[in-house]
Amino acid sequence: MSAPPTSSSRPRPTVTEREARQVAEAAREQDWRKPSFAKELFLGRFRLDLIHPHPLPAGEDARRGEAFLAKLRDFCETRIDSARIEREARIPDETINELKELGALGMKIDPKYGGLGLTQVYYNKALAVVGTASPALGALLSAHQSIGVPQPLKLFGTQEQKDTYLPRCARTDISAFLLTEPDVGSDPARLATTAVPDGDDYVLDGVKLWTTNGVVADLLVVMARVPKSEGHKGGITAFVVEADSEGVTVEHRNAFMGLRGLENGVTRFHRVRVPAANRIGPEGAGLKIALTTLNTGRLSLPAMCVGAGKWCLKIAREWSGVREQWGKPVAHHEAVGSKISFIAATTFALEAVVDLASQMADEDRNDIRIEAALAKLYGSEMACLMADELVQIRGGRGFETAESLAARGERAVPAEQLLRDLRINRIFEGSTEIMHLLIAREAVDAHLSVAGDLIDPDKSLQDKAKAGANAGAFYARWLPKLVTGPGQLPSSYAEFKHEVDLSPHLRYVERHCRKLARSTFYAMSRWQGRMETKQGFLGRVVDIGAELFAMSAACVRAEMLRGRGEHGREAYQLADAFCRQSRVRVEELFTRLWSNTDDVDRKVVEGVLGGTYEWLEEGVVDPSGDGPWIAEATPGPSRRENVHRPIR
């Protein structure tokens with residue numbers, strides 16, 4: 001058996017910006033085989049028929065889901081000590097073991113492998129419950145099932161891999177997903193961890209950062225670069241790795257401003273032998289596997305944001321009814337009341353978005369890659385705003401820790417902890433900035449598919465001429481349809497008109513999705529190849545789409561609840577309030593598409609980086625410690641104690 005190259009002989013990959021984009025583009029799902037409500041929305045086509053009537057879970061799925069939720073709620077209320085987790089910065093082993101016995105590790109795993117086989121809808125409802133009891137515990141379960149071993153094996157694993165690992169993941173073993181490295185975040189083209197073929201094995205070398213669950217994991221999904229060689233296509237590839245394999249070292253357990261119970265660490269691989277049978281999918285398919293896994297996996301995060309919103313509303317209602325200022329409860333003061341209205345309406349809309357996308361994922365009749373990404377983006381941003389408003393409503397008590405409140409005899413409300421815990425959601429599983437770019441790329445896919453060669457500097461004149469002809473034909477058909485639509489007819493969407501009339505909001509969505517499509521077309525015509533650098537513009541386009549999607553989901557959910565006799569009148573009121581609030585934000589975003597400070601900001605940034613404004617930093621001291629901005633991650637043997645602690 002030949003020895004693989006030493007780690008020191010393998011330089012870190014260096015890639016150009018164009019090469020990095022090509023790697024990301026190759027990992028995208030290129031085809032749209034199923035309809036997508038959100039994709040159509042960005043193209044100016046309001047396909048209400050794709051989401052209305054609101055899809056519902058099958059009776060048996062609902063029965064099993066509700067039965068598990070009842071047991072889980074009881075467990076969360078009686079067995080989870082959230083204050084202890086916050087105080088000790090660790091989830092007690094007994095809590096995790098009891099969750100294993102409950103079957104919580106296998107919520108999404110098929111019963112034939114020992115799992116519960118819950119639908120996406122009920123899996124998300126379960127995470128919302130657990131996340132309110134302990135966000136760190138919710139993150140553990142989510143990382144294990146949404147992006148850990150179970151999901152990629154379900155989609156891409158061999159039958160042998162499923163038979164081997166899924167029963168373990170369903171009942172006993174915790175899994176983790178390892179992609180990020182100390183110097184590689186949202187730019188995987190520079191991935192430095194290698195997997196060198198050696199006989200029937202691969203030999204892994206490298207360092208992974210922010211490995212959620214990595215400290216306690218039994219099984220790891222590891223993304224590593226396979227060098228191209230004879231008989232090996234090479235490329236970024238996914239592997240299942242036993243966490244206790246020789247050469248695997250958890251070198252550090254990271255600590256954060258929130259989610260203090262999170263078992264997140266730094267994991268080093270030094271000459272770790274992984275059987276070729278543990279490779280998930282073919283060589284070079286790692287990023288595609290990761291992105292496809294996240295298409296539905298991303299829904300777990302906004303699901304926990306829904307739970308956070310519900311808790312914020314409960315605390316805001318209870319507190320604002322008893323706290324008096326100037327002779328009446330603070331809720332009756334408009335400045336506070338508007339915050340409560342925002343929390344209530346936004347929670348309703350966010351639940352509508354998550355439930356709708358989840359049910360569509362379960363039915364598998366729509367492509368929900370954009371819907372799931374919008375849910376993650378919108379949920380993480382709005383949940384942080386709701387938590388911030390709750391802290392403001394609570395005043396000084398909102399800034400005070402629950403432990404301190406209890407020590408002086410008041411109710412231990414962890415409002416400040418929620419704000420800290422939620423903050424990571426704007427970074428987890430694709431930061432807000434990356435989500436903007438990812439969604440924008442999908443949103444303009446139709447344009448690039450017909451006109452992309454026109455703005456590609458590497459294409460020949462012949463290719464550009466052909467692209468010009470195709471683009472002319474496409475836009476000749478498409479542009480006239482953006483002029484008029486049912487949103488201009490007062491009678492449209494009349495089935496949403498009851499005591500509260502939601503039909504004007506749906507007409508607004510229809511009109512403004514056409515306006516959004518026209519704006520996108522104009523921007524592409526104006527900037528052409530420079531469009532991808534206009535990240536401020538693209539972010540606003542995506543934010544408008546997110547608001548329009550949320551408005552649509554809120555209205556459809558309200559009508560569904562009305563039809564089922566479940567708080568329909570109140571649901572209509574909340575949907576109406578949300579849509580009115582959302583429309584204010586949409587109008588502002590449309591204004592900022594063309595009236596903004598993007599060019600000025602760019603010049604200021606150049607000045608900051610060039611040292612032009614360094615004088616502005618005078619008059620302070622920097623309490624930061626010494627050390628490099630990015631830790632050294634050269635492959636090699638570990639020189640640290642292994643802090644891996646599997647839970648048994």
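Residues numbered from 1 in each chain as written. Predicted model: local features only at pLDDT ≥ 70, side-chain atom pairs only at ≥ 80, totals over all residues. Heavy atoms only, no water.

Student: Help me understand the nonpolar core, please; the structure alone is not making it clear to me.
Tutor: One broad trend across soluble globular proteins is that nonpolar side chains are buried collectively. By size, the foremost hydrophobic cluster in this structure holds 100 residues, and its most contacted members are Phe46, Leu374, Phe496, Leu548 and Phe578. Sort the elements by how many residues they give to this core and helix α21 (residues 535-563) lands first, with 17 residues. Among all residues touching Phe496, those that are not within four sequence positions of it are Leu48, His52, Asp501, Leu502, Ser503, Leu506, Cys555, Val556, Glu559 and Tyr572. Phe68, Ala104, Leu127 and Ile647 belong to the second-largest nonpolar core, a separate cluster that totals 34 residues. (Core = buried A, V, L, I, M, F, W, Y, C linked by side-chain atoms within 4.5 Å. Buried < 20%, exposed > 50% of the residue type's maximum accessible area, 1.4 Å probe, protein only. Helix = DSSP H or I, 4+ residues; strand = E, 2+ residues; numbered from the N terminus. Contact = heavy atoms within 4.5 Å.)

Student: Just checking my understanding: could you explain the packing of aromatic side chains for this structure?
Tutor: Describing an aromatic ring pair means giving the distance of the ring centres and the angle of the ring planes. Per the stated rule, a full pass over the model turns up 13 aromatic pairs. Taking the centre distance of 6.0 Å and the plane angle of 65° together, the rings of Phe37 and Phe46 count as edge-to-face. This pair shows no difference in class: Phe37 is buried, exactly as Phe46 is. Seen in terms of ring centroids, Trp527 and Trp594 are 6.1 Å apart; in terms of plane orientation they differ by 35°. Their pairing is tilted. On the criterion of sequence distance, the pair formed by Trp527 in helix α20 (residues 503-527) and Trp594 in helix α22 (residues 568-594) is long-range, its members being 67 residues apart. With relative accessibility at 11%, the residue Trp527 sits in the buried group. Exposure remark for Trp594: the relative accessible area of 38% places this residue in the partly exposed category. Taken together, the ring pairs in this structure connect Phe37, Phe46, Tyr493 and Phe549 into an aromatic cluster. One Lys or Arg, Arg394, reaches over the ring of Trp319 and ends 4.7 Å from the middle of that ring. Positioned above the aromatic ring of Phe590, the side-chain terminus of Lys515 is 4.4 Å from the ring centre. (Phe/Tyr/Trp six-rings, centres within 6.5 Å; stacked < 30°, edge-to-face > 60°. Lys NZ or Arg CZ within 6 Å of the ring centre and 35° of its normal.)

Student: Looking at this structure, how should I read α20?
Tutor: End to end, α20 covers 36 Å across 25 residues, agreeing with the expected 36 Å (1.5 Å per residue, within 8%). Two residues or fewer after α20 comes Gln528, characterised by a positive phi angle close to 50°. (Expected span 1.5 Å × (residues − 1).)

Student: How should the environment of Thr211 be read in this particular structure?
Tutor: Along the polypeptide, Thr211 turns up in strand β3 (residues 201-212). Separated by 17 residues in the primary sequence, Thr211 and Lys228 place their C-alpha atoms 27 Å from one another. When near neighbours in sequence (up to four residues on either side) are disregarded, Thr211 contacts Leu178, Glu263, Asn264, Gly265, Val266 and Thr267.

Student: Sorry, what's going on with the pattern of salt bridges here?
Tutor: Side chains that differ in charge, positive against negative, can pair when their charged atoms come close. In the structure shown here, the tally under the stated rule is 46 salt bridges. Close ionic contact of Arg645 with Glu263 constitutes a salt bridge, the shortest N to O distance being 2.5 Å. With Arg645 in the segment after α23 (598-610) and Glu263 in the loop between β6 (248-253) and β7 (264-275), this residue pair connects regions lying 382 residues apart in the sequence. A salt bridge links Arg420 to Glu416; the nearest nitrogen and oxygen atoms lie 2.8 Å apart. Here Glu416 and Arg420 lie together in helix α16 (residues 415-423), a separation of four residues that amounts to about one turn. The exposure class of Arg420 is buried, given its relative accessible area of 14%. Residues joined by salt bridges that share partners form a network here, namely Lys125, Lys310, Glu351, Asp355 and Arg557. (Salt bridge = Lys/Arg side-chain N within 4 Å of Asp/Glu carboxyl O.)

Student: Could you clarify how one ought to interpret the confidence of the model for the protein chain in this entry?
Tutor: Model confidence for the protein chain is summarised by a mean pLDDT of 92, while 94% of its residues fall at 70 or above. Between residues 1-10, whose pLDDT stays under 50, and residues either more than four places distant or in other chains, the model counts 16 contacts. (pLDDT = per-residue confidence, 0-100.)

Student: Looking at this model, I keep getting lost on the packing of helix α11 (residues 300-322) against helix α13 (residues 369-394). Mind explaining?
Tutor: Geometrically, a packed helix pair is captured by the angle between its two axes and the distance between the axes. Between α11 and α13, the least distance of the axes is 9 Å, while the angle of their chain directions is 20°. It follows that α11 is roughly parallel to α13 by the angle criterion. The hand of the α11/α13 crossing is left-handed. Across from Leu301, Pro302, Cys305, Gly309, Trp311, Cys312, Ile315, Ala316, Trp319 and Ser320 in α11, the residues of α13 making contact are Ala375, Lys376, Gly379, Ser380, Ala383, Met386, Ala387, Leu390, Ile393 and Arg394. When grouped by side-chain class, the residues that make up the contact of α11 with α13 number 14 nonpolar, four polar and two charged. (Axes fitted to C-alpha atoms, helices over the stretch in contact; angles between N-to-C directions. Parallel < 35°, antiparallel > 145°, perpendicular 65-115°, else oblique. Left-handed = near helix turned anticlockwise from the far one by under 90°. Nonpolar A, V, L, I, M, F, W, Y, C, P; charged D, E, K, R; others polar.)

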